[in-house]
Amino acid sequence: PRALSSAASDVYKRQIFVTGIDPFELIGKKFKVNDVEFLGVEDCAPCRWMEETIGSGTYDWMSKNKSGGLRAKVLNSGLIKLNDIIVLEKSI
């Protein structure tokens with residue numbers, strides 16, 4: 001797939017890319033990124049939207065690498081900045 005940095009920035013306006021954590025561990029848990037609180041809701045498996053939006057080959061690469069994401073409910077507004085960390089609050 002084409003490099004993430006080459007795709008239009010508005011493609012990712014609702015996305016947060018993370019490293020060092022399995023997003024599936026956040027299902028059913030509250031967590032924060034800076035002062036924004038979230039509730040992990042469910043798995044977000046790779047879909048064809050990624051292929052159309054990010055570029056050819058994205059869906060196949062993500063499926064082959066078991067890469068996907070987490071659907072999360074945003075619980076409050078706030079600011080998230082580059083390099084903010086995820087803080088686990090508690091299970092519900």
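What comes next is a walk through the structure. Since this is a predicted model, take the numbers as computed values, not measurements. (Residues numbered from 1 in each chain as written. Predicted model: local features only at pLDDT ≥ 70, side-chain atom pairs only at ≥ 80, totals over all residues. Heavy atoms only, no water.)

With that settled, consider the overall build of the protein chain. A count of helices and strands for the protein chain gives two helices and four strands. When the helices and strands of the protein chain are placed in sequence order, the string is β-β-α-α-β-β. Expressed as a percentage of contacts within the protein chain between residues at least 6 apart in sequence, the contacts between residues at least 24 apart total 71%. (Helix = DSSP H or I, 4+ residues; strand = E, 2+ residues; numbered from the N terminus. Contact = heavy atoms within 4.5 Å.)

Turning our eyes to something else, we now look at unusual backbone geometry. As a rule of thumb, non-glycine residues mostly have phi less than zero, and peptide bonds are mostly trans rather than cis. One non-glycine residue, Asn-34, lies in the positive phi region at around 60°. Within the fold, Asn-34 resides in the loop between β1 (29-33) and β2 (36-44). Among the residues examined, Asn-34 registers a relative accessible area of 35% and is labelled partly exposed. Look at Asn-83: it is not a glycine, yet its phi comes out positive at around 75°. Looking at the element boundaries, Asn-83 is found in the loop between β3 (69-74) and β4 (86-91). (Buried < 20%, exposed > 50% of the residue type's maximum accessible area, 1.4 Å probe, protein only.)

When β1 meets β2, the two strands line up antiparallel, connected through four bridges. Bridged to Val-33 within β2 is Val-36. Hairpin connection of β1 to β2: two residues between the antiparallel strands, including Asn-34 at a positive phi of 60°. (Pairing = 2+ DSSP bridges.)

Tallied over the entire structure, the rule returns two salt bridges. We note a salt bridge from Arg-71 to Glu-42, for which the minimum N-O separation is 3.7 Å. On the criterion of sequence distance, the pair formed by Arg-71 in strand β3 and Glu-42 in strand β2 is long-range, its members being 29 residues apart. A salt bridge links Asp-84 to Lys-81, with the shortest nitrogen-to-oxygen separation between them at 3.8 Å. A relative accessible area of 25% means that Asp-84 is categorised as partly exposed. (Salt bridge = Lys/Arg side-chain N within 4 Å of Asp/Glu carboxyl O.)

The values are spatial; any link to function lies outside them.
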